[in-house]
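# Structural overview
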Amino acid sequence: MGFNCGIVGLPNVGKSTIFNALTSAGAQASNYPFTTIDPNVGIVDMPDKRLDKLAAIYQPKKVTPTTMEFVDIAGLVKGAAQGEGLGNKFLANIREVDAIAHVVRCFEDPNVVHVGGRVDPKTDIEVIEAELMLADLDAIEKRLFKAEKQAKAGDKQSLEEVEFMKRLRDMLSRGEPVRRSTHSDKEVAWLRSYNLLSAKPVLYAANVAEDMLDKSNPYVDTVRKIAAEEGAKVVVISGKIEGEIAQLPIEERKEYLAEMGLNESGLDRMIRAGYDLLGLITYFTAGEKEVRAWTIIQGTKAPQAAGKIHTDFEKGFIRAEVFHYDDLMRLKTPQAVKEAGLLRSEGKDYVVKDGDIMLFRFNV
């Protein structure tokens, strides 16, 4: 699969509770800091109602959703970049993920200790951001020292990269995360090799009390304001409610949500938001044996999409027979889609779209 989202936050904000509900993986969740020391990893199905509708048409023997990986990373504390609270270990875990789901505590509960002594989403977010940026600043300064040596030897490429690193260093020194700036294609390639923590896209999960899910909440308002400044998304979620839903049999969950006045769980919204955050889309393969969803990065061309199924499909790619989910829903049957001239034959340069239904032709 290869796409994952790390769940981060201060200790006791509800990260492990939310992770448990997401994945039913049973991560330890207790009322004291550093319960999670080694990261827990869970694979979750991507909620997609289109699969059910495709299954109703094709009547397959098997239906397989696409998935995302979530990683429950231990709570960071102030000073993590200098090793506080096993900080270096936790920061290294964040370095391994593609995106960050930042859980922010937006509830009052005297029985759950807050490491800062009071609930303050703005300060909590700033603590996490500061630690990520301090770690990045240290990494950039080390790289810059080496790059400047190469630049002195007359390496033109190194001279350009040195200037880029200096801009990053200055940004970080001002307290600006790297993700808030725009970069050229060349700079994006350099950034990818640096694997900076503050360059990773962020989704904010505002964790509220169960009786505050649909009510005005000044803590959530604070998170929304911070997210708006950087163009990030916010998902409001109640870890306690999601934990209760996760304990129910699947057939009872819809009824529970209806009683709560909800159309879907907060976790479904969080999974989709994480999927969007990573710039992912879904295409489908469909037939009597199986209806299956596949994850690719937006902008992927047909041969590479075929390679998600098997490397031989990409190596021997001839063409893809394609029609769109929306056309199938409108016309009701694959045959009707074909008769309407909406089944297309696409070559190696075709960029796959979200909702494409594809059949690949290839040489073995």
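Predicted model only: the values in this text are computed from it and were never measured.

## Digging into the packing of helix α1 (residues 15-23) against helix α8 (residues 239-247)
Packing of α1 against α8 leaves a shortest axis separation of 8 Å and a crossing angle of 30°. By the angle between their directions, the pair α1 and α8 is classed as roughly parallel. For α1 against α8, the interelement crossing comes out left-handed. Residues T17, I18 and A21 of α1 form the contact with α8, whose participating residues are G239, E242, G243 and A246. When grouped by side-chain class, the residues that make up the contact of α1 with α8 number 3 nonpolar, 3 polar and 1 charged.

## Some thoughts on the pattern of salt bridges
Under the criterion given, the structure shown has 24 salt bridges. E230 is the partner of R179 in a salt bridge, and the nearest nitrogen-oxygen pair spans 2.7 Å. Placement of the pair is R179 in the loop between α5 (156-173) and α6 (185-194) and E230 in helix α7 (residues 218-230), with a sequence separation of 51 residues. When sorted by exposure, R179 lands in the same class as E230, which is buried. Connected through shared salt-bridge partners, E129, R179, R180 and E230 make up one network.

## Section: the confidence of the model for the protein chain
For the protein chain, the mean per-residue pLDDT works out to 86, and 88% of the residues sit at or above 70. This model gives residues 83-87 a pLDDT under 50, and the stretch forms 9 contacts once residues within four places in sequence are excluded.

## Here we look at the packing of α1 against helix α10 (residues 266-277)
Where α1 contacts α10, the two axes come as close as 10 Å, and the packing angle between them is 90°. With respect to their mutual orientation, α1 and α10 come out roughly perpendicular. Residues I18, A21 and L22 of α1 form the contact with α10, whose participating residues are L267, M270 and I271. Considering only residue class, the contact of α1 with α10 consists of 6 nonpolar, no polar and no charged.

Scoring rules and cut-offs
- Residues numbered from 1 in each chain as written.
- Predicted model: local features only at pLDDT ≥ 70, side-chain atom pairs only at ≥ 80, totals over all residues.
- Heavy atoms only, no water.
- Axes fitted to C-alpha atoms, helices over the stretch in contact; angles between N-to-C directions.
- Helix = DSSP H or I, 4+ residues; strand = E, 2+ residues; numbered from the N terminus.
- Parallel < 35°, antiparallel > 145°, perpendicular 65-115°, else oblique.
- Left-handed = near helix turned anticlockwise from the far one by under 90°.
- Contact = heavy atoms within 4.5 Å.
- Nonpolar A, V, L, I, M, F, W, Y, C, P; charged D, E, K, R; others polar.
- Salt bridge = Lys/Arg side-chain N within 4 Å of Asp/Glu carboxyl O.
- Buried < 20%, exposed > 50% of the residue type's maximum accessible area, 1.4 Å probe, protein only.
- pLDDT = per-residue confidence, 0-100.

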